[in-house]
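Geometric and topological summary
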Amino acid sequence: MRVCILPHSFQKDDANNLDFADETFDALISNYVYYNIMGSDKQDMLLESLRVLKKGGVFAINDCMKPKMYGDMEAFAQKLRDMGYQDVRLVNMSELVLGSECRANMMMLGNSRMLVGRK
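What counts, and at which threshold
- Residues numbered from 1 in each chain as written.
- Predicted model: local features only at pLDDT ≥ 70, side-chain atom pairs only at ≥ 80, totals over all residues.
- Heavy atoms only, no water.
- Phe/Tyr/Trp six-rings, centres within 6.5 Å; stacked < 30°, edge-to-face > 60°.
- Buried < 20%, exposed > 50% of the residue type's maximum accessible area, 1.4 Å probe, protein only.
- Helix = DSSP H or I, 4+ residues; strand = E, 2+ residues; numbered from the N terminus.
- Arc of directions from axis to C-beta.
- Contact = heavy atoms within 4.5 Å.
- Polar contact = N/O pair within 3.5 Å; in protein donor to acceptor, adjacent residues only side chain to side chain.
- Pairing = 2+ DSSP bridges.
- Axes fitted to C-alpha atoms, helices over the stretch in contact; angles between N-to-C directions.

**Considerations on the packing of aromatic side chains**
This structure, assessed with the given rule, holds three aromatic pairs. For the pair Phe20 and Phe25, a centre-to-centre distance of 4.9 Å together with 75° between the ring planes defines the contact as edge-to-face. Across the pair, exposure class does not vary: Phe20 and Phe25 are buried alike. Ring plane angle 80° and centroid distance 6.0 Å describe the contact between Phe59 and Tyr85, whose orientation is recorded as edge-to-face. Taken together, the residues Phe59 in strand S4 (residues 53-64) and Tyr85 in the loop between helix H3 (73-82) and strand S5 (86-92) connect sequence positions 26 residues apart. For the pair Phe59 and Tyr85, a shared accessibility class is recorded, and that class is buried.

Right under this line is the structure:
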């Protein structure tokens, strides 16, 4: 389950099948949410989330993107570019925020990545 924050309200929803029309939201921000949803194909779930993002909308998805859970995220970022998404980058948050991959691993935050871009 995922909680969507809307103006003055909260709505509980299924991240695998969001109950929103295409291109509903201006922005998608997620911080360590998707890795908690077990039994789901993470890349399919990300595509479902991006489905509800308006053309020109921005996204920043920060998560522990372990290859066993997420697959090849560099290839996924390229797939988004090929689909027409703009400024798509995969940022290594382990080093940027936590100082090093080693320190991130000690904090159980190894493979911390942020997928950012614009639809």
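**Some details on H3**
Buried residues of H3: Met73, Phe76, Ala77 and Leu80, and no others. One side of H3 holds all its buried residues, which, seen down the axis, span an arc of 100°. Along H3, exposed side chains directed more than 90 degrees from the buried face belong to Glu74 and Asp82. Tucked into the core, H3 has its buried residues touching helix H1 (42-51), S4, helix H2 (67-70), S5 and strand S6 (112-118). Its side-chain oxygen placed 3.1 Å from the backbone nitrogen of Glu74, Asp72 serves as the N-cap of H3.

**Thoughts on the sheet that holds S6**
On the basis of which strands lie adjacent, the open sheet formed by four strands has the order S3-S4-S6-S5 and mixed pairing. One side of each edge strand has no neighbouring strand; the edge strands of this open sheet are strand S3 (25-31) and S5. In this sheet, adjacent strand axes meet at a mean angle of 5° when their direction is disregarded. Sheet analysis places S5 next to S6, joined by five bridges and oriented antiparallel. Among the inter-strand pairings, Gln86 is bridged to a residue of S6, identified as Arg118. Those strands touched by H1 are S3, S4 and S6, and its axis lies near 145° from that of S4. Seen against the sheet, H3 touches S4, S5 and S6 and runs at an angle of roughly 170° to S5.

In short, the description is geometric, and any link to function would need to be established separately.
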